[in-house]
Amino acid sequence: MNESDTSRHFLRQWIEKGVAEGRTGGKVVTRFPPEPNGYIHIGHAKAVFVDFGMAELFGGECHLRLDDTNPAKESDEYAENIKKDIRWLGFQWSGEGDGAEAGFYNASNMFDKMYEIAENLIKAGQAYCCNLTQEEWKAHRGVPEKPGIPSPSRDTTPERNLEIFRDMKAGKYADGEWCLRAKIDMASPNIHFRDPVLYRIRHVPHYHLGDKWCIYPMYDFAHPIEDALEGVTNSMCTLEFEVHRPLYDWVVDRLDEMGLLVVRNGVKIRPEQREFARLNITYTVMSKRLLLQLVTEGHVAGWDDPRMPTVCGMRRRGYTPGAIREFCERVGVTKVESESDPALLEWCVREELNKTATRRMAVLDPVKVVIDNWAGEAKDVELPNNPLDESAGTRKIPFGREIWIDRADFMEVPEKKFFRMAVGQEVRLRGACIFKATSCTKDAQGKVVEIHGTWDEASWGGNAADGRKVKGTIHWVDAESGVPATFRLYERLFTEKNPLKDGSDGFLKYMNPDSLKTVSGYVEPLLGEAKPGERFQFERTGYFVADEYDSKPGAPVFNRTVTLKDSYKPA
């Protein structure tokens, strides 16, 4: 987060107030708590920039905590990739945590302590075991306008509740047979405050702990405990957790009564929660469940498919951490739900790459050009690596008798205002010379397969000796030294602005059948050794990145990041 006044959103003001009032004990501590049940996406990236950015701004710490309290869909694969993506975004968790990585936590490592806290709540008469089914509980819980009906188990003695809870832990009951509820307020207008579930039975092995546990804490119970035990000062969540905040505070109150709050520099650290609007983007889906469906059903090539909104997918597509950060800052931190146009993200990517990407020439739909009056060996053309950065230097590119140009740059009979290559019309070949096409040959279907013409030998470097003007300049690749390459051209994954408008069961019908097009062409020699992840501007074509898995020396594969231009204008 930067220091400008525009970044002083309500979360920053809230933290500033806590610091001024001495509630942080001299150190702001935040946390980013993803569940390792999928790869993080652009929405999580916004939370990363908020959580880590606020800690960075106040000279504090941000913990990475894997919220692995729901074992059914969690794995080490997801956990390790979350770490990788956060590092790629430019952040490193820090703190005073136990284990090999300071500031890194697994919620599951606190299960013993959470269980102990739950038993203490039972002993204090603040929690009880309930065997109502989910449907029965809905009837008891009622509606906000009327008080609920207490569970028949609500007044069971602490001794009996403790016995049942321990039997739950010992595996004597089936899933859903019992749960542990907080004993709070069945008349609260906030439904989430009406005796919420703290523990449920799940006979599912945990990816780290195996079969040690068959009862697992609910997120609403685990979250404030984790924050409190880690000494977190400011817990920032997305807006749907706002109605859960009273329960968060209730748990923190109980921890305070048990003497479990961290004391820092003589100050008892009471974690506080605030909520901000999640990031929503049109023409995509953000639900991990639906993204997993796209992967498992083979609609995309994996979590890191460049069409996916995942951080690893955006990295593979050639997006930069800086562009993603700029996008998140432009979207802003508010309490109002809204949708963002992906064109804004693409604009941020284009703005950064225009300044930083190395320039190269590539031909994606090649047709051969033969310079009939060329004599002798190839010559070297010298072009800048980035005209916006003199320090990037120049490179030399061979130019000979035969070259490749893009098919769209030629018309046998030019239309009005077509200033590119046409029979009888002069055109500048980028950095090399002025060329005039004189004829073309076609195949049986009438498709142009070869263009012939002549070059002006006095125009080497690209300008006519007599000063005559040439309107069109096109890029090219030398046919002899050019390297064959594969290009993947990506478009939006969905054709519908809101793919979920008919519900989550119907979103697949809006998938864009043209979201990926693969073509073959040629690139200038230096691109044959492009390193995986290296970004380029292909002149007059777009921004591309060498694929981090499939691109090999001598056989490069390039993913299109964004087109060269777009009509989008950010506010």
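Here the structure is a predicted model, which is why all the values come from computation and not from measurement. (Residues numbered from 1 in each chain as written. Predicted model: local features only at pLDDT ≥ 70, side-chain atom pairs only at ≥ 80, totals over all residues. Heavy atoms only, no water.)

A. Examining the overall build of the protein chain more closely. Broken down by element type, the protein chain carries 12 helices and 31 strands. Relative to the compact-globule value of 25 Å for 571 residues, the protein chain shows a C-alpha radius of gyration of 31 Å, a clear excess of over 25%. By its C-alpha atoms, the protein chain is 100 × 50 × 45 Å across when sized along the principal axes. By the burial criterion, 53% of the 571 residues in the protein chain qualify as buried. Contacts spanning at least 24 positions in sequence make up 71% of the contacts within the protein chain whose residues lie at least 6 apart. Only carbon and sulfur atoms are counted for the fraction: they give 48% of the accessible area of the protein chain, which is about 25100 Å². Distance between charge centres in the protein chain, computed from 78 positive and 89 negative side chains, equals 3 Å. (Helix = DSSP H or I, 4+ residues; strand = E, 2+ residues; numbered from the N terminus. Rg over C-alpha atoms; globule rule 2.2 N^0.38 Å. Buried < 20%, exposed > 50% of the residue type's maximum accessible area, 1.4 Å probe, protein only. Contact = heavy atoms within 4.5 Å. Areas by Shrake-Rupley, 256 points an atom, 1.4 Å probe, with all protein chains shown as cover. Lys, Arg positive; Asp, Glu negative; His and termini not counted. Charge placed at Lys NZ, Arg CZ, Asp CG, Glu CD.)

B. Representation of the sheet that holds strand E3 (residues 104-106). The strand order across the open sheet formed by three strands is E1-E2-E3, and the pairing between neighbours is parallel. Every interior strand has two partners, whereas the edge strands, strand E1 (29-32) and E3, have only one. Going across the sheet, the axis of each strand differs from the next one's by a mean of 30°, ignoring polarity. Here E1 runs beside strand E2 (residues 61-66); their pairing, made up of four bridges, is parallel. Residue pairing for E2: Thr30 is matched across the bridge by Cys62. Relative to E1, helix H2 (residues 42-57) is tilted by about 165°, and along the sheet it contacts E1 and E2. (Pairing = 2+ DSSP bridges. Axes fitted to C-alpha atoms, helices over the stretch in contact; angles between N-to-C directions.)

C. The arrangement of empty space enclosed by the protein in detail. One pass over the full model with this rule turns up three cavities of 30 Å³ or more. By volume, the largest cavity amounts to about 260 Å³. If you go around the largest cavity, you meet 18 residues; those closest to its centre are Arg307, Pro309, Arg317, Tyr319 and Pro342. Within the residue set of the lining of the largest cavity, elements represented by two or more residues are helix H10 (311-317) and helix H12 (342-356). If one sorts the elements of the lining of the largest cavity by residue count, H12 sits on top with three residues. (1 Å grid on protein atoms, 1.4 Å probe; cavity = no way out; pocket = protein on both sides within 12 Å on 5 of 7 lines; lining within 4 Å. Points joined across faces, edges and corners; volume = space filled by probe spheres on them.)

D. Structural view of the pairing of strand E23 (residues 433-442). Two elements, strand E22 (residues 426-429) and E23, share four bridges in a ladder whose sense is antiparallel. If you follow Val427 over to E23, its bridge partner there is Phe435. The turn joining E22 and E23, which pair antiparallel and follow one another in sequence, is formed by three residues; a positive phi near 75° is taken by Gly431. Bridge count between E23 and strand E24 (residues 448-455): seven bridges; the pairing is antiparallel. Looking across to E24, one finds that Ala437 is bridged to Gly453. Two successive antiparallel strands, E23 and E24, enclose a turn made up of five residues, where Gly446 displays a positive phi of approximately 85°.

E. Molecular detail of the packing of aromatic side chains. In the structure shown here, the tally under the stated rule is 30 aromatic pairs. Here Tyr78 and Trp303 contribute two aromatic rings whose centre-to-centre distance is 5.9 Å and whose plane-to-plane angle is 75°, an arrangement assigned as edge-to-face. Separated by 225 residues along the polypeptide, Tyr78 in helix H3 (residues 76-89) and Trp303 in the loop between helix H9 (288-296) and H10 bring together distant segments of the chain. Each ring, one from Trp374 and one from Trp460, has its centre 6.4 Å from the other, and the planes form 55°; the classification is tilted. Taken together, the residues span a long stretch of sequence, with Trp374 in the loop between strand E16 (366-371) and strand E17 (379-384) and Trp460 in the loop between E24 and strand E25 (473-474) at a distance of 86 residues. Judged by its relative accessible area of 30%, Trp460 falls in the partly exposed class. (Phe/Tyr/Trp six-rings, centres within 6.5 Å; stacked < 30°, edge-to-face > 60°.)

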